[in-house]
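Okay, here's what each chain looks like letter by letter:
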Amino acid sequence: MTNSIQEIKNADTIFIIGSNTSENHPVIAAIMKQAKRAGAKMIVADPRRIEMAEYADVFLQLKPGTNIALLNGLMHVIIEKGLQDENYIKERTENYEELKELVKGYTPERVSEICGVDPEYIIKAAEIYGEAPKAGIYYTMGITQHTTGTHAVMSISNLALLCGNVGVESAGVNPLRGQNNVQGACDMGGLPADLPGYQKVFKPEVLDKFQDSWGSKLSNKVGLTITEMFKAIEEDQVKFLYIMGENPMVSDPDTNHVEHVLDHVDFLVVQDIFLTETASMADVVLPAAAFAEKDGTFTNTERRIQRVRRAVEAPGEAKADWMILMDIMNRMGDETRYSHPARIMAEIVSLTPSYGGVSYKRLEKESLQWPVPNENHPGTKYLHKAAIARGRGLFMPAEHVASAEITNDEYPLILTTGRILYHYHTMTMTGREEGLNKLAPHSYVEINETTANKLGIEDGDMVKLYSRRGEVQTTALVTDIIDDGVVFMPFHYSEGKANILTNSAIDEIAKIPELKVAAVRIEKA
Amino acid sequence: MQVTINGKQYDFDKGTTVLKACSEIGLDIPTLCNDERLVPSGSCRLCQVEIEGWGKLHTACTTQVREGMVIHTHSDRVIKARQDLLDMLISNHPLECLTCEKSGACKLQDYCYEYGITEGTYRWEMSKPYFDDTNPFYTFDARKCILCGLCVRVCDELQGTNAIGFENRGFDTQVATPFGEGLENSTCVSCGNCVSVCPVGALEPKSKKKFRHWETRTVRTTCSYCGVGCQMDLKIKGNEIVEVQPAFDAHNEGLLCVKGKFSYNFLSHPDRLKKPMVRKDGVLVETGWDEALDVITSKMKEVKKEFGSDAFAGLTSARCTNEDNYMFQKLFRSTLGTNNVDHCARL
Amino acid sequence: MSTVKLTIDGKTAEVSNQLTVLQAAKTVGIDIPALCYDETLEIFGACRMCIVEIEGSSKLQTACSTLVKEGMVVHTETERVVWNRKQTLQMLLDSHPNDCLTCHKAGECLLQDYAYRYDVNFRKHDGEIRPQLLDTTSPYILRDNSKCILCGKCVMTCAQVSDRQVLSFAERGYETRVIFGADESIEESPCVSCNRCVAVCPVGALVDKRDMDKIRSWEAETKIVGCKACEYGCEFEVRSRNRKPVSVVAKAPTNGRPLCLKGRLTTELKYLDNPDAPYRKLDKSFEKTTWDKALQITELLEKIERLEGSNKDGEGEE
């Protein structure tokens, strides 16, 4: 997030797109509702009439895979009505003319055809966003999990820049991160091209710094992403796969393919708290301590670094992940020992400018939002205050492109997937909670009444879904929150697993799979 | 604004309530219905104070300080009034502190002790008993409810769910779900934010393990579910978490969701991995750390020698700490010599 | 002394044959409830809470008084045991006032702990209830016989100090009660306010009056300190709220020492910012006094003053 959670309270307009906030980020949703109550306007864009839509001034129920067209349409109307922030554009952005040229073609009527949204709603939403002094955009995987995900994010940034909403309190471009420490995992260099703090592996000065500190020779070759790793395994280039605290057998698209890959790899190590679907395929399984059993830090969606504290003992011989990794490194010849995670943080801080002022001592008293360059710096509530990080904000206009997989006679429905309130990711934790299983016991597929009637399906029927990659049996939930021709499945469940059906086609830039759009067929089981 | 409280002069900003003013100077005023996040309701009337020249007593939570105000927070008249209120409340409250789960963390109990109310003297009929056990995570016992309204206001003003409200009037008033459908059939999303603010034992979490508040210790930590990173206090008895309370002084401002508030039992689930396992003859068998790590490192050395650094790939975790992640990429980059590190940021 | 092996609730314990079943259970992490048992006191066997089932014996046995034997098989929480404990607790509660709401012992009361553990509650009944006879004559001890469960711990601990033996049982049956001296008030009795009895009382029958109204057990951050009045160092507990010490209560005597009022007052003076005024007993009544008199250091203080005073004079002359 460029901005902070608490700032939502003072936003004039809240634009939620591709985020089922009340189910996936319930506490942020509560704060949004508080803002709405205090007078903020709200726009919601989603293929399903989610709970937040009930609070919206305008609800745009768009077809999956048409975000860019919608965003371009909004910009078209804003420019046409002169609602853009001319001063901001002049002083803080570049490439505006190109954007203007591109969005010219996205009239409300054309966008309406692509997205399936009433042109009037598009105009109304554009007015609400354009007229707001401070408008924040909040999005999640509904934007990113498309082959055009990166371009959709750029389009969001275009819209925010157009109305002068970047570098402003209670506004901004705000991806809500799904997992507790996905921000931190990225910050710490859990990416193939990035050392901690997004310092690029191919920059010689960066490499020198880390080589000096670590006393080892590092590779300057950008590594493989998950999808590329799987491919490399199939091509026998990767022999040894180590998975820590992840469950690709449930979370990744095209499960049959994942299973084939994990089966094929020469040697698989899995480190986790339970014997997950993935762990049960491993050659070695290592028992890890869970969050309440170890010390450390998490970095949340608003870049806030916070302490995690050991409260109870880990079961049996389970150990904190960092300890296991340290033991392996020691056995491999790196003698560095850390007595406590605070010592690891000290090393991180010495190498990572954006974490430069972090210490466990400070974290005892406060939480810190990076960038926090030195120990006297209070942390950063919202980014780009004085100027956009790269200097001027660059408009990156993008055209609407259809999803990788489109419907046809054999697979006439669009399947989109997501999370629900009562479960979390692959259910490793929540699947073992009695109460949650009572409230959300099994997998299901949401089908519009019209679609269901055409197929002779009734609420509660067992149905079979087929895609080009596999088939799944699940329970039909007939509902009017989803449009005719679109169906939705939560991906958490390993029985009735949505990801057997999903497409592993990826966005070429960010390598994100298109989990939000797959063509399927449904039959009564 | 110059204000005199209990004979001493203080300065406060305009718009400060008398209750806030007192708390700023470290004066403890009893209140059962106040919550700084909510619009003051003045319903419990326990915070009333005497203001010179104002006639009757006034509730401190709804009265703002004025220039020259002279306030008495613990005069005989105030104390008598508070004692009467507590007497009335406890007269309509079951005396079950012996076994009540809330005992030791109950504000009614605290104030009765502070104001010397040992039992109710009003011999009236008790409110109609009503018990709702239908939610998997918490129970509602109307007999213990003191109608402070905190649960209803939090559900409405902060959580925006409006699952519960007041039903009936006068002595028959009750907190209830619309149309008496019960919590199970209401719009309740089990966030538990009402349970977190209940000052008495009316809304109680269903804990797997029996515990008393005085047996627990507290550890502040960060929730491990979504990216909001709510701060919370784990209440621990022995080696087990028995309750979770949201932090009120953090960015989540005392709010949590069903996962953060109630879903911590997985930690002590019998399926937890307790020993390393190594595949032998196609089957995973438990072993010690030494053997497991030996198997891994000898394989690492073998692969590195035979196929080179880029034959390794690793998925680090968005679920683990920063320190865990740092160590993971350091193992791959520094020890194994490859940048083949990624994680599920995209999923 | 030899070692025996026995089974308790399926767990194997290997212990000295001098141990009781209750002690043996403790070694394997099994907590058998007991109201009258205290490892520093003689075994009394009065409360019947610690009853257990021992295979081969048809009657339930009290675990506090039964010695372990080789091959013994003990069950501590069978349906029969639990039923009997519930009965015992119910009877105790029937003649106990329902005032945990404000009782000073709440939060550290064994009767409350066990009632919670076995889910037994107060009930309405027509039977007799012990009359409330509060003894408020001492500034150090508040006695409320209506809460007494007759476990005998106070009598036994007082009897351990040969020149005290102030507490004893009087009368019989339901009328049985604990008395001070010759059934006198605490003030009139020979009680020396050492608070040994308060430290062992499992319920609210004997409470520390100087701790009352200051803090409730669950609010307190506690620290055990050794008394500095003499080198034996009996244990006291300093109770604080928000890191500010507010009261001191007697915890346990050290070997060979009885606990004493002087020690308690010394500890209060050392740890508390604003201790209550000290009292001493003169001719069967308590009288407020000064700290120097209470600690019997008046003469010493005078001597110190004289010495330092003369020093000062000396300096003045130079």
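Criteria and thresholds
- Residues numbered from 1 in each chain as written.
- Chains lettered and ligands numbered in written order.
- Predicted model: local features only at pLDDT ≥ 70, side-chain atom pairs only at ≥ 80, totals over all residues.
- Heavy atoms only, no water.
- Pairing = 2+ DSSP bridges.
- Helix = DSSP H or I, 4+ residues; strand = E, 2+ residues; numbered from the N terminus.
- Domains from an automatic or database assignment.
- Buried < 20%, exposed > 50% of the residue type's maximum accessible area, 1.4 Å probe, protein only.
- Arc of directions from axis to C-beta.
- Contact = heavy atoms within 4.5 Å.
- Buried area = accessible area lost by both parts, 1.4 Å probe.
- Salt bridge = Lys/Arg side-chain N within 4 Å of Asp/Glu carboxyl O.
- Core = buried A, V, L, I, M, F, W, Y, C linked by side-chain atoms within 4.5 Å.
- Polar contact = N/O pair within 3.5 Å; in protein donor to acceptor, adjacent residues only side chain to side chain.
- Nonpolar A, V, L, I, M, F, W, Y, C, P; charged D, E, K, R; others polar.

S.K.: I would appreciate a short explanation of the sheet that holds strand β13 (residues 304-308) of chain A in the present structure.
M.R.: Consider a sheet: its strands pair through backbone hydrogen bonds, and that pairing is either parallel or antiparallel. All names here are of chain A. Taken in spatial order, the three strands make up an open sheet running β12-β13-β14, and their pairing is antiparallel. Each edge of the sheet is formed by a strand with only one pairing partner; in this case those strands are β12 (296-299) and β14 (368-369). Where β12 and β13 come together, four bridges link them in antiparallel fashion. Residue pairing for β13: G296 is matched across the bridge by V308.

S.K.: Sorry if this is basic, but what is going on with the domain arrangement of chain B here?
M.R.: Often the size quoted for an interface is simply the accessible area lost on bringing the parts together. On domain assignment, one finds that chain B holds domain 1 (2-88), domain 2 (127-206), domain 3 (209-272) and domain 4 (277-346). Placing the centre of domain 2 of chain B and that of domain 4 of chain B at their C-alpha centroids yields a distance of 50 Å.

S.K.: Can you help me understand helix α12 (residues 226-234) of chain A in this one?
M.R.: Helical geometry note: an α-helix holds 3.6 residues per turn, so side chains three or four residues apart project in the same direction. Those residues of α12 of chain A that sit buried are I226, M229, F230, A232 and I233 of chain A. Down the axis, α12 of chain A shows its buried residues gathered within 160 degrees of arc, on one side only. Against the buried residues of α12 of chain A lie β9 (240-244), α13 (248-251) and α14 (255-264) of chain A together with β16 (312-315) and β17 (341-342) of chain B. The first or second residue beyond α12 of chain A is D236 of chain A, which carries a positive phi of 60 degrees.

S.K.: Help me understand the interface of chain A and chain B, please; the structure alone is not making it clear to me.
M.R.: At the junction of the two partners, chain A supplies 151 residues and chain B supplies 110 residues. Summing both sides of the interface, chain A and chain B together bury roughly 11100 Å²; the carbon and sulfur share of this comes to 62%. Looking only at chain A, the three residues that lose the most surface to chain B are F240, R331 and M332 of chain A, adding up to 7% of its buried area. Summed over the shared surface of chain A and chain B, the number is 12 salt bridges.

S.K.: Where do I start with the nonpolar core in this structure?
M.R.: Generally speaking, a soluble globular protein has its nonpolar side chains buried in company with each other. The biggest cluster of nonpolar side chains holds 150 residues, and the ones touching the most others in it are I14, M32 and V44 of chain A, I241 of chain B together with L167 of chain C. Those residues in contact with I14 of chain A that sit more than four places away from it in its chain are I8, M32, A35, A40, K41, M42, I43, G136 and Y138 of chain A. In this structure, L207 and L218 of chain A together with I296 and Y326 of chain B belong to the second largest nonpolar core, which totals 54 residues.

S.K.: Help me understand the arrangement of the chains, please; the structure alone is not making it clear to me.
M.R.: The pair of protein chains exhibiting the most contacts, out of two pairs of chains in contact, is chains A and B. In this view chain A stays clear of chain C, with the nearest C-alpha atoms of the two still 17 Å from each other.

S.K.: I'm lost on the domain arrangement of chain C in this one. Help?
M.R.: Residues and elements named next belong to chain C. Each assigned domain of chain C is listed here: domain 1 (3-92), domain 2 (131-209), domain 3 (217-273) and domain 4 (277-318). Computed over C-alpha atoms only, the centres of domain 2 and domain 4 are separated by 33 Å. For the pairing of domain 2 and domain 4, the buried interface totals around 650 Å² over both sides, and the portion due to carbon and sulfur atoms is 52%. Its largest share of buried area at the contact with domain 4, domain 2 owes to P139, Y140 and E187, together 65% of the area lost on that side. There are one salt bridge connecting domain 2 and domain 4. Salt-bridge contacts for K284 lead to E184; the nearest nitrogen and oxygen are separated by 3.4 Å. Here domain 2 is connected to domain 4 by eight residue pairs in polar contact (both at pLDDT 80 or more). Residues that form the side of domain 2 that touches domain 4 fall into these classes: five nonpolar, four polar and three charged.

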